[in-house]
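Breakdown of the fold
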Amino acid sequence: MPQHPLPATALTDLLGCRLPIVLAGMGGVARSELVAAVTRAGGYGFLGMVREPLALIEREVAAVRAATDLPFGVNIIPAATPAKQLAAQVDLLIALRVASVELFWEVDARVVARLRDAGVTVVHQVGSAREALAAQQAGAQALIAQGVEAGGHVRGRQRLQELLDEVLAVARVPVAACGGLADGRDLARALMQGAHGAVLGTAFMATEESFAHDAHKRRLVAARASDTVLTEDFHINWPPLAAVRVLRSSVTSGERGDPFGGQRTPIGDEEGRPIYLFSTDSPLRSMTGDFEAMALYAGRGVDRIDAIVPAAALVAQLEQDAARHLRLLADAAPPLASPVCYAPEAQAAQRAPLLAALDTLLRAASHRATAEGCDAALHGAGVVRRAIRTLDGKPWTPAGDGGAAPALDAAARAVQALLDGVEDAALRKELEQVVGPWLEGGH
Ligand SMILES: Cc1cc2nc3c(=O)[nH]c(=O)nc-3n(C[C@H](O)[C@H](O)[C@H](O)COP(=O)(O)O)c2cc1C
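Residues numbered from 1 in each chain as written. Predicted model: local features only at pLDDT ≥ 70, side-chain atom pairs only at ≥ 80, totals over all residues.

1. Brief notes about the overall build of the protein
On a plain count of helices and strands, the protein comes out with 15 helices and 14 strands. The globule rule puts the C-alpha radius of gyration for 443 residues at 22 Å, and the 22 Å found for the protein is close to it. Residues counted as buried form 49% of the 443 residues belonging to the protein. Of the contacts formed within the protein by residues at least 6 apart in sequence, a portion of 65% connects residues at least 24 apart. (Helix = DSSP H or I, 4+ residues; strand = E, 2+ residues; numbered from the N terminus. Rg over C-alpha atoms; globule rule 2.2 N^0.38 Å. Buried ≥ 20, exposed ≤ 12 C-beta atoms within 10 Å, placed from the backbone. Contact = placed C-beta atoms within 7 Å.)

Structure, rendered in C-alpha cells:
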C-alpha cells in the first residue's frame, strides 16, 4: 500500500471496497479471473454477463467467490436482453445474493425496484444528466456517468468532464466517472472534480486476466485515441441505433459492405456458436475467426495503454499515481492567469462574494433541474458547478440536503451583478447565457 493512500469515498463505503477504482462490467471480457484480480487488489469488479446463460452466470459468480471473500457485482443490460431471459437472470442474481448489480442503457424501473427490494445494491450507468435523474428516481443507489470517450456501447454524446458536472449537480447518490480513463492522473482529475470513483473498461481489457483475445489486446497497445471511432455498424444482438466506440477497421471504412443489408455472414466461431459480421461480439479467448472484422472496442484512453500487465499491477499503479497527482493538485500554487481580474493579494477576498452568489445559484438551479429534468436547467446547473470549481471553490452537493431551495431569479440576478469581475471570457459568456433566461424566473 502506498504511503499516502487514496481517500475512502461515498462509493467505496457503499460497495465495500478499499479503492475508488471500478472494473467496468464488460460483456465477454470481464469474467471471473479479471473480477477476482481487481477485487483482491482493492478495487471493485463487475462481471460482464449481458445476455449470458444462467449456468455461466452461476459458474462465474462461484469462481469469483472461490477466489475472494470480498464483495463484487454483476452487470446485465435489460434493453439488450429478451424479456424472459432478463427475468430469469434477475431471479438468479437475487437467489445468488450478489452484492450489487450494475445496469446500463434504458432505465428499467421495474428491474431496479425488484433488485433493490431484494436487498441488492443497484448501480446504474448513464449517458446524460436526464438519465441520471431517471435512474435515481427509480432507486439506483449509485450512478456511473459515462462520457462519450468510452469504449464499447456509448449511451450519451457529452464529454465526460461536462457530463460529470451536470450529474454531480443533481445526484443524491455517489457518482463514478467513466469513459476514456486509463491512468492515475485521469483518476485523480475525476476525484478532484467531485466524482466518488472511476470506472475503467479498456484499460482493464489490456490486462493478462481479461477474457479478450490476445489479438484485441495487442491492437489496444498499438492504438492511439484517433484510431477510435463511434459507429452504429456493429448492431446485431442490440437495440437499433446504439453507437459503439471501436478501433477503425475494414468494417468502419465500409469495405465489408452494408451493415444494414440484412444478410448474416459468419466470420467466426465460439464453441459452435457462429459469430456474425456486424454483430456486437468482440474477439474473446474462446473464439476463432476474422478478428479484424469484429467489434474491436476501445475507449479514447487507449493512448495511455502501452503494455499488457497483470490487473493487480494496474490497480497498484493507478492507486500510486492517483495519490501522487492528488497531492500535486492539492499543493498546486494559484494559477498565474486567474479567472478573476483582481490583484493576487486581494483575489481571495474579492472572489468570496462571487463564489457565495454562485453557491446560492447552484442550489437553486439544482432544485429546478431535479424538479423539472429539462435539459436547459440540467446544463445550467452543470455550468454553475464548473464555474465554482474554476474559481477554486468547493461546489455544494445535493446529497443529504433537505433544505428549502433559494429563489432562482434572485440568485441569477446576484450572479449577473458580479459577472464583470470574471476575466475568463469563455466562462463569463457561458455563465451569461445560462443566467439570462433565469433572471425573470424562466427556464
Ligand atoms: C470490451 C467492452 C465491453 C463492454 N461491455 C459492456 C457491457 O456488457 N455492459 C456495460 O454496461 N458496459 C459495457 N461496456 C462499457 C463500459 O461499461 C464502460 O462504459 C467503458 O468501458 C468505459 O470506457 P473506457 O473503456 O474508455 O474505460 C463495455 C466496454 C468495453 C470496452
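2. Describing helix α4 (residues 83-95)
With 13 residues, α4 should reach 18 Å at 1.5 Å per residue; the first-to-last C-alpha distance of 18 Å fits that figure. Residues of α4 that are buried: Gln 89, Val 90 and Leu 93. Projected onto a plane normal to the axis of α4, the buried residues spread over an arc of 95° and lie on a single side. Exposed residues on α4 whose side chains face more than 90 degrees from its buried face are Lys 84 and Ala 95. Just downstream of α4 lies Arg 97, where phi reads positive at about 55°. (Expected span 1.5 Å × (residues − 1). Arc of directions from axis to C-beta.)

3. Side note on the nonpolar core
Among the nonpolar cores identified, the biggest contains 136 residues, and Leu 23, Leu 143, Ala 145, Val 167, Ala 176 and Ala 198 are the most heavily contacted of them. At 8 residues, helix α12 (residues 344-372) tops the list of elements feeding residues into this core. Each of domain 1 (1-332) and domain 2 (344-438) gives at least three residues to this core. (Core = buried A, V, L, I, M, F, W, Y, C linked by C-beta atoms within 7 Å. Domains from an automatic or database assignment.)

4. A closer look at the sheet that holds strand β7 (residues 152-153)
Overall, antiparallel pairing links the 3 strands, which are arranged β7-β11-β10 in an open sheet. Either end of the sheet is taken by a strand with one partner, and the two such strands are β7 and β10 (228-231). As defined by bridge partners, β7 adjoins strand β11 (residues 244-247) across 2 bridges and the pair is classed as antiparallel. Bridging across to β11, Gly 152 finds its partner in Arg 245. (Pairing = 2+ DSSP bridges.)

5. Some thoughts on the domain arrangement of the protein
When cut into domains, the protein gives domain 1 (1-332) and domain 2 (344-438). Its C-alpha centre places domain 1 at a distance of 33 Å from the equivalent point of domain 2. Residue-level contacts link 13 residues of domain 1 with 17 residues of domain 2. Elements that contribute at least two residues to the side of domain 1 that touches domain 2 include exactly α6 (129-138) and α7 (160-170). With 6 residues, the single largest contributor to the side of domain 1 that touches domain 2 is α7.

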